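Now for the letters of each chain:
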Amino acid sequence: MSVIIEGFISLLLIAGGIFVFIGSLGMAHLRDFYMRLHGPTKATTLGIGCMLIASMAYFWSVDGKPDAQELLITLFLFITAPVSAHLLAKSGLHLQLKRVDKTQGKPVELRPEEVGEKPVPHPDKGHG
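The text that follows walks through the structure, step by step, so that each part is easy to find.

Thresholds applied
Residues numbered from 1 in each chain as written. Predicted model: local features only at pLDDT ≥ 70, side-chain atom pairs only at ≥ 80, totals over all residues. Heavy atoms only, no water. Helix = DSSP H or I, 4+ residues; strand = E, 2+ residues; numbered from the N terminus. Expected span 1.5 Å × (residues − 1). Bend = angle between axes of the 7 residues up to and from the residue. Core = buried A, V, L, I, M, F, W, Y, C linked by side-chain atoms within 4.5 Å. Buried < 20%, exposed > 50% of the residue type's maximum accessible area, 1.4 Å probe, protein only. Contact = heavy atoms within 4.5 Å. Phe/Tyr/Trp six-rings, centres within 6.5 Å; stacked < 30°, edge-to-face > 60°. Polar contact = N/O pair within 3.5 Å; in protein donor to acceptor, adjacent residues only side chain to side chain. Axes fitted to C-alpha atoms, helices over the stretch in contact; angles between N-to-C directions. Parallel < 35°, antiparallel > 145°, perpendicular 65-115°, else oblique. Nonpolar A, V, L, I, M, F, W, Y, C, P; charged D, E, K, R; others polar.

Considering helix α2 (residues 33–63)
- The first and last C-alpha atoms of α2 sit 44 Å apart over 31 residues, in line with the 45 Å expected at 1.5 Å per residue.
- A bend of about 25° at T44 is the largest found in α2.
- The first or second residue beyond α2 is G64, which carries a positive phi of 85°.

Written out as structure tokens, the structure reads:
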């Protein structure tokens, strides 16, 4: 294996580890649901993506052929993580979760008819 390829793989692994660490710090230290959602979603997607690309590059250089599984996992991760974060944020807005004053902005994307009543009754339980 070439020194340049080893350096590239090492750089991707270090960058991935840094991104994952930053994402975990965001999850641990941020104060409300909306801020906690932002850190891990962005940073961890980049971190795991870097690690998967490094793994793909390593096995490509060793075996001489690319591995489609790791590429598909990376693409699936890049597609699903932002979508799931968006749906979690929309459900948090729908449920009117409390936020700290430091969280800036007002959610303008929800119309009054889209905001649910709290608590939302479970559909399987009776009304009584």
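Let's talk about the nonpolar core
- Ranked by size, the top nonpolar core spans 5 residues in total: I9, L12, C50, A54 and A57.
- Elements represented by at least two residues in this core include exactly α1 (3–29) and α2.
- For this core, the leading source of residues is α2, giving 3 residues.
- The contacts of A57, once residues within four sequence positions are left out, are F8 and I9.

What about the packing of aromatic side chains?
- The final tally for this structure, using the stated rule, is 2 aromatic pairs.
- Ring geometry for F33 and Y34: centres 5.5 Å apart, planes at 75°, overall edge-to-face.
- The partly exposed category is assigned to F33, whose relative accessible area is 28%.
- The exposure class of Y34 is buried, given its relative accessible area of 17%.

Observations regarding the side chain of T74
- Considering the arrangement of structural elements, one finds T74 in helix α3 (residues 68–94).
- The class for T74 is buried, based on a relative accessible area of 5%.
- In this structure the side chain of T74 is engaged in a polar contact, spanning 2.8 Å, whose partner is the backbone oxygen of E70.
- Setting aside residues up to four positions removed in sequence, T74 forms contacts with G49, L52 and I53.

Here we look at the packing of α2 against α3
- Their axes nearest at 9 Å, the elements α2 and α3 cross at an angle of 175°. For the element pair α2 / α3, the angle class is roughly antiparallel. Across from F33, Y34, L37, T41, T45, I48, G49, L52, I53, S55, M56 and F59 in α2, the residues of α3 making contact are E70, L71, I73, T74, L77, F78, A81, A85, L88, A89, G92 and L93.
- Residue classes in the contact of α2 with α3 are distributed as 17 nonpolar, 6 polar and 1 charged.

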